[in-house]
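Per-entry structural report
The primary structure of each chain is shown beneath.
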Amino acid sequence: AAWLAELELCKVKKAGMFLDGCRVFLSGFTESEQMQLARVLKYSGGTRLTQLVESVTHCVHSVVTSNMAPDTSRLLEQLDLSPHNVSIQWVVECMRLGKTVPESEYSFPPPVDTEPFLPPQTHIQPASLHDSYTDTHNSQFEANLLAQYGVAAPTR
């Protein structure tokens, strides 16, 4: 994985305590990836949680798929926890800048791109057809009405 190369321990150590105070649960990673990330967390000041508990601040997700691991999702819901759900790229970016960065840019699962909302199209008759029909209909109505009173309809 590309992020593994980014998170070399020598780079992590140079970046300092960029995850100080963060209590991190790792989700969707292989065992070897988890071992690497445990070292990253240790040298960056973060605390790795091996299970989801109330004190979790961040749930860092593997980006192998764009979906949250079912077990993680279920546990977050059952325990009514709402940590920051971020992709592994968040950790990489924190390391690059040497500090925690806004989680919103690294939300996981990533937001789905949707088309901008467009109001529904309304079907309008072309003006020329609509107006000529209305004019003819109104003229006929006026002529009938005036005829009832014995008055001739004005000519147009």
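Read on for a plain summary of the structure. Since we're looking at a predicted model, the values are computed, not measured. (Residues numbered from 1 in each chain as written. Predicted model: local features only at pLDDT ≥ 70, side-chain atom pairs only at ≥ 80, totals over all residues. Heavy atoms only, no water.)

Quick look at the overall build of the protein
Using the following cut-off: A run of H or I in DSSP counts as a helix once it spans at least four residues, and a run of E counts as a strand once it spans at least two, with each numbered from the N terminus. Contacts were defined at the residue level, with two residues in contact if any of their heavy atoms lie within 4.5 Å. Here the Shrake-Rupley method, with its probe set to 1.4 Å, supplies the accessible areas, and only the displayed protein chains count as covering residues.
Across its full length, the protein carries six helices and four strands. Helices and strands in the protein line up, N terminus first, as α-α-β-α-β-β-α-β-α-α. Here the analysis covers contacts within the protein between residues at least 6 apart in sequence; of these, 72% occur between residues at least 24 apart. Element-wise, carbon and sulfur atoms account for 54% of the exposed surface of the protein, whose accessible area totals about 10,800 Å².

A word on the pairing of strand β3 (residues 58-61)
Stated precisely, the cut-off is as follows: Only protein chains enter the accessibility calculation, which uses a 1.4 Å probe; a residue whose area is less than 20% of its type maximum is buried, one above 50% is exposed, and one in between is partly exposed. Strands pair, by our definition, only if DSSP identifies at least two bridges between them.
By the alternation rule, side chains of β3 split into His58 and Val60 and Cys59 and His61, which are all buried. Sheet topology note: the strand β1 (residues 23-27)/β3 ladder contains four bridges and is parallel. Bridging from a neighbouring strand, Ser27 pairs with His61 of β3. Bridge count for β3 against strand β4 (residues 84-87) is four bridges, and the pairing is parallel. Across the sheet, the residue bridging to Val60 is Val86, located in β4.

Some words on the environment of Trp90
Note that Trp90 resides in helix α5 (residues 88-97). Look at Trp90 and you get buried, because its relative accessible area is 0%. Separated by 10 residues in the primary sequence, Trp90 and Thr100 have C-alpha atoms spaced 8.4 Å apart. Aside from chain neighbours lying at most four places away, what touches Trp90 is Leu19, Cys22, His58, Val60, Thr100, Val101, Pro102, Glu103 and Tyr106.

Topic: unusual backbone geometry
Each neighbour pair has its own omega, and for Phe108 with Pro109 the value is -5°, a cis peptide bond. Counting through the fold element by element, Pro109 comes out in the loop between α5 and α6 (127-148). Even without being glycine, Asp80 reaches a positive phi, approximately 55°. Within the secondary structure layout, Asp80 lies in the loop between α4 (70-78) and β4. The class of Asp80 is exposed, set by a relative accessible area of 69%.

Considerations on the environment of Leu49
When you line up the elements, Leu49 lands in strand β2 (residues 47-49). The buried category is assigned to Leu49, whose relative accessible area is 9%. Distance from Leu49 to Val24, taken between C-alpha atoms, is 5.6 Å for residues 25 residues apart in sequence. Excluding residues that lie within four positions of it along the chain, Leu49 makes contacts with Arg23, Val24, Phe25, Leu26, Ser55 and Val56.

Remarks on the environment of Ser66
Relative to the helices and strands, Ser66 is located in the loop between β3 and α4. Residues in contact with Ser66, not counting those within four places in the same chain, are Phe108, Pro109 and Pro110.

A closer look at the pattern of salt bridges
We count it as follows: One speaks of a salt bridge when a side-chain nitrogen belonging to Lys or Arg is within 4 Å of a carboxyl oxygen belonging to Asp or Glu.
The full count for this structure, using the stated rule, is three salt bridges. Here Arg74 makes a salt bridge to Asp71, at a shortest N to O gap of 3.6 Å. In this pair, Arg74 and Asp71 are both assigned in helix α4, three residues apart and thus about one turn of the helix distant. The partly exposed category is assigned to Arg74, whose relative accessible area is 43%. We note a salt bridge from Glu93 to Arg96, for which the minimum N-O separation is 3.1 Å. In this pair, Glu93 and Arg96 are both assigned in helix α5, three residues apart and thus about one turn of the helix distant. You can call Glu93 buried: its relative accessible area is 18%. Arg96 gets classed as partly exposed once you look at its relative accessible area, which sits at 46%. One salt-bridge network, held together by shared partners, links Glu6, Glu93 and Arg96.

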